[in-house]
Amino acid sequence: MALDRWIALVLLSICLLYGYVAWFTMDASLAPFMQRKPIWPSTFPKILSIFGIGLSLVILLGFEKSDDTVGEIDYRRLTDYKLGQAILMLALMVAYALCLRSLGFLGSTTAFLVLGSFILGERKFHIMLPISLTTAVVVWYLVQEVLGIFLRPLPFFMGV
Amino acid sequence: MLEGILIGLQTALSLQNLLMVIGGCLIGTFIGMLPGLGPMSIIAIMIPVAISLGDPSAALILLAGVYYGAIFGGSTSSILLNAPGVAGTVASSFDGYPMARQGKAGKALTIAAIASFAGGTIGAILLMIFAPMLSSVALLFHSAEYFGLMIVGLSAIAAFAGNGQVAKALLMTVLGLIMATVGLGSLFNMPRFTGGVMELQSGFGFVTLAMAMFALPEAIFLVLKPKNIGDDGGEIKDLRITRAEARSIAPVIGRQSVQGFFIGVLPGAGATIASFLGYAVERNLATKDEQEEFGKGSIKGLAAPETANNAACTGSFVPLLTLGIPGSGTTAILLGALIALNVTPGPRLMIDDPQIFWAVIMSMFIGNLVLLILNLPLIPYIAKVLAIPRNYLIPFIMFFTLMGAYIGQNNATELLLLVGFGICGIALKFANFPLPPLLIGFILGGMMEDNFARAVQLYGGISFIWERPMTLGLLIIAMTLIFLPSIRAMYARLRATGAADGD
């Protein structure tokens, strides 16, 4: 089974779950005065779930001829590409998200940028470090001081 | 009107106000270039500055300058990085980014600048003529028609984005609409589909989704398959557009300025619908050979959404200035600023404060001119972004997607959502599912449900669909748009087998 039909299967199950919530569980908590209205919070989702289920079935059952043209990247031969680097970059983003609060913005951003270019094969630390540090400080200044959005600059054990 | 124009020029050409326009355009362009910061957030940031000026015309002129600058800056990041920070410039990346990849980044930016200038200027002329008249037309559109109009917009996008795979594109649209229903709806005071997760109460962030569907897969694809981005980006060749190219995009610019302006006038429609509809319409009008080019770096495909979104931005001032109803999120923020400055926009504005009304219109001309003059010489420097080595550029793109998601929601959980959606986006991209319909469905979903709910409440049911001829007409157009490609494909198949030829 081709990937697009697998995805259609996943989307079908999402739509079924969504439809189940919309049709059977959502209206239970509806206040009595809301029930007299012609439209309920679940009305629009109910319609959407029908369309979603129908359309994913069309793709899953292959009613629409799927084109087998290979896009930019052929997913059947993923290992031919730099899969490791891509997965590491994604993992690095997750790590950044988790460390942002505890490690502070300046530290985690500098680490992210340096490690990111390290993963991609850059080894010139004397360029990477200053660039990353400058970016981190400039962006922090813009976001915190100019825009007024709080970003903890330093690790949690050093001040705010 | 002449008197008004003169009053406006007198106000707009004062030294202070000229500085406001120039400063606003510059700030807007540079901040707008950062993916994730759209005009709405930049204007929101500038409001304290504008209010402290104390002069309503100067404040409105500054904010309007920021608005145009941000839209232009947003196109720049769409074209160069395929990371649209604003919904209105998503369509510009369809053809602008392929052009940049072919080493025509300079030309793409020039076309964008010229198209924006033309769209904005023609829009301002139309605003001057139609502002008083159009207020009555906009009132004819009820929620039922808005609902119909959005259905038409979504079907048009699905029909044209899928490259013949209409079911896939429609499924993506429906998925976008489904995602828009997560969180607290404005009409019903209850959280829906949050699964009890607190962070989902406010729904998914638009910027997060946009980053996850466009910028992140693009960056990962660059990691997977290194192709020298900086290949031709360093030297910007053929910055100028040839006479033949100018001749081919001139009618596009003409049509789209008018169409974009009128779409912008309708509250709620705005630059996003205008740019997508403009793209779709121009693709349909183009000749067979040119249609093939669309999506692969067609100059027409770039000029159309660029013109339309600028004209629509100008158009969105019409309901604000004449009715006091903001047509978009951005004009809603402007409305807030005006009220803070003790000016009440509405039908009385032209009578009570003519100098504000006309000064804003005049400053639109000046602002567009300033943008063109500032940006054309700056293009080679802006396009230098592409010359940054890949090893540095990719972590930076990823960092900006993360920052965009964080600034939008101010919440570290959003970053995890970003990566999660990004992985989904990559999988969908592998399987040739078109992603723009998903994002557009998501943007329009909330508005569409609100208008649908309002129409249902007014009519006590769905009878508005057949009782209002305009709604019915719009829905029929939508059906035609969806089924036409499949019927055409079926005919082609039948003819190929010789079945349809039997007479």
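Treat the numbers as computed from the prediction; the structure is a model and nothing was measured. (Residues numbered from 1 in each chain as written. Chains lettered and ligands numbered in written order. Predicted model: local features only at pLDDT ≥ 70, side-chain atom pairs only at ≥ 80, totals over all residues.)

A.B. asks: How should the overall build of chain A be read in this particular structure?
C.D. replies: Scanning chain A from terminus to terminus reveals six helices and zero strands. Beginning at the N terminus, the succession of helices and strands in chain A can be written as α-α-α-α-α-α. Relative to the globule expectation of 15 Å for 160 residues, the C-alpha radius of gyration of chain A, 24 Å, shows a markedly less compact shape. Projecting the C-alpha coordinates of chain A onto the three principal axes gives extents of approximately 65 × 50 × 25 Å. Taking all 160 residues of chain A together, the buried fraction comes to 27%. For chain A, restricting intrachain contacts to residue pairs at least 6 apart in sequence, the fraction spanning at least 24 positions comes to 62%. (Helix = DSSP H or I, 4+ residues; strand = E, 2+ residues; numbered from the N terminus. Rg over C-alpha atoms; globule rule 2.2 N^0.38 Å. Buried ≥ 20, exposed ≤ 12 C-beta atoms within 10 Å, placed from the backbone. Contact = placed C-beta atoms within 7 Å.)

A.B. asks: Sorry, what's going on with the overall build of chain B here?
C.D. replies: Looking only at helices and strands, chain B features 23 helices and two strands. In chain B, which comprises 503 residues, the share counted as buried stands at 60%. Of the contacts formed within chain B by residues at least 6 apart in sequence, a portion of 79% connects residues at least 24 apart.

A.B. asks: Before we go on, may I ask you to explain the packing of helix α4 (residues 83-103) of chain A against helix α5 (residues 105-119) of chain A in this structure?
C.D. replies: When two helices pack together, their arrangement is captured by the angle between the axes and the distance separating the axes. Residues and elements named next belong to chain A. At a minimum axis distance of 9 Å, the contact between α4 and α5 shows a crossing angle of 170°. With respect to each other, α4 and α5 are oriented roughly antiparallel. Residue-level inspection shows Q85, L88, M89, L92, Y96, C99, L100 and L103 of α4 in contact with α5, the latter providing F105, G107, S108, F112, L115, G116 and I119. Split by residue class, the contact of α4 with α5 holds 11 nonpolar, four polar and no charged. (Axes fitted to C-alpha atoms, helices over the stretch in contact; angles between N-to-C directions. Parallel < 35°, antiparallel > 145°, perpendicular 65-115°, else oblique. Nonpolar A, V, L, I, M, F, W, Y, C, P; charged D, E, K, R; others polar.)

A.B. asks: Can you help me understand the domain arrangement of chain A in this one?
C.D. replies: Assigned domains within chain A: domain 1 (3-70) and domain 2 (81-146). Computed from C-alpha coordinates alone, the two centres of domain 1 of chain A and domain 2 of chain A are separated by 39 Å. (Domains from an automatic or database assignment.)

A.B. asks: When you look at helix α8 (residues 166-180) of chain B in this model, what are you seeing that I'm missing?
C.D. replies: Along an α-helix, residues three or four apart share an orientation, since each turn contains 3.6 residues. Taking 1.5 Å of rise per residue, the 15 residues of α8 of chain B would be expected to cover 21 Å, and the 21 Å separating its terminal C-alpha atoms lies within 8% of that figure. Extensive coverage of α8 of chain B is indicated by the burial of 15 of its 15 residues. (Expected span 1.5 Å × (residues − 1).)

A.B. asks: It is not clear to me how the interface of chain B and chain A should be interpreted in this structure. Could you clarify?
C.D. replies: A common way to state how big an interface is: give the accessible area lost once the parts meet. Residue-level contacts link 50 residues of chain B with 52 residues of chain A. Where the side of chain B that touches chain A is concerned, the elements lending two or more residues are α8, α9 (206-224), α19 (390-409), α20 (413-430) and α21 (436-459) of chain B. Element by element, the count of residues in the side of chain B that touches chain A is highest for α19 of chain B, at 10 residues. Residue classes in the side of chain B that touches chain A are distributed as 36 nonpolar, nine polar and five charged.

A.B. asks: Teacher, can you tell me more about the confidence of the model for chain B here?
C.D. replies: Detailed conclusions should not be drawn from predicted coordinates in areas where pLDDT is low. All names here are of chain B. Scored by pLDDT, chain B has a mean of 79; 86% of the residues are at 70 or more. Every residue in residues 499-503 is under pLDDT 50, and counting partners more than four places away or in other chains gives five contacts. Prediction confidence for the complex, expressed as pTM and ipTM, is 0.72 and 0.89 respectively. (pLDDT = per-residue confidence, 0-100.)

A.B. asks: Looking at this model, I keep getting lost on the packing of α4 of chain A against α9 of chain B. Mind explaining?
C.D. replies: At a minimum axis separation of 8 Å, α4 of chain A and α9 of chain B run at an interaxial angle of 145°. Crossing hand, α4 of chain A versus α9 of chain B: right-handed. Each of L83, Q85, A86 and M89 of chain A in α4 of chain A lies in contact with α9 of chain B, whose residues at this interface are I220, V223 and L224 of chain B. Considered class by class, the residues forming the contact of α4 of chain A with α9 of chain B number six nonpolar, one polar and no charged. (Left-handed = near helix turned anticlockwise from the far one by under 90°.)

A.B. asks: Help me out: how do you make sense of the nonpolar core in this one?
C.D. replies: Note on soluble globular proteins: their nonpolar side chains tend to be buried together. Counting residues in hydrophobic clusters, the biggest one holds 194 residues, and the most contacted among them are I61, L63, I111, L402 and L439 of chain B. Looking at which element gives the most residues to this core, the answer is helix α4 (residues 56-81) of chain B, with 16 residues. Residue assignment places this core across two domains, with domain 1 (3-70) and domain 2 (81-146) of chain A each supplying three or more. Among residues more than four places away in sequence, those in contact with L439 of chain B are V90, G176, L209, A210 and M213 of chain B. (Core = buried A, V, L, I, M, F, W, Y, C linked by C-beta atoms within 7 Å.)

A.B. asks: Would you explain the environment of I73 of chain A in this entry?
C.D. replies: In this fold, I73 of chain A is placed in the loop between α3 (43-60) and α4. Residues in contact with I73 of chain A, not counting those within four places in the same chain, are Y81 of chain A together with F221, L224, K225 and F430 of chain B.

A.B. asks: When you look at the environment of V21 of chain A in this model, what are you seeing that I'm missing?
C.D. replies: Secondary-structure assignment places V21 of chain A in helix α1 (residues 3-25). What makes V21 of chain A partly exposed here is the crowd of 16 C-beta atoms within 10 Å. The sequence separation of V21 of chain A and S42 of chain A amounts to 21 residues, and the corresponding C-alpha distance is 8.8 Å. Excluding its chain neighbours within four sequence positions, the residues that come into contact with V21 of chain A are M26 of chain A together with F193 of chain B.

A.B. asks: When you look at the environment of S108 of chain A in this model, what are you seeing that I'm missing?
C.D. replies: Tracing the backbone through its elements, the reader meets S108 of chain A in helix α5. Beyond its immediate stretch of four places on either side in the chain, S108 of chain A contacts Y96, C99, L100 and L103 of chain A.

A.B. asks: Looking at this structure, I do not really get helix α1 (residues 2-12) of chain B. What am I missing?
C.D. replies: Residues and elements named next belong to chain B. Of all the residues in α1, the buried ones are G8, T11 and A12. The arc that holds every buried residue of α1, seen down its axis, measures 90°, which confines them to one face. Exposed side chains of α1 directed beyond 90 degrees from the buried face belong to L2, E3 and L6. (Arc of directions from axis to C-beta.)

A.B. asks: Got a minute to help me understand unusual backbone geometry in this structure?
C.D. replies: Negative phi values dominate among residues other than glycine, just as trans dominates among peptide bonds. Residue and element names in this part refer to chain B. We note that N342 has phi near 65°; this positive angle belongs to a residue other than glycine. For N342, the position within the fold is in the loop between α16 (329-340) and α17 (349-352). For N342, a count of 7 C-beta atoms within 10 Å translates into the label exposed. At N432, a position not held by glycine, the phi torsion is positive, near 60°. Residue placement: N432 occurs in the loop between α20 and α21.

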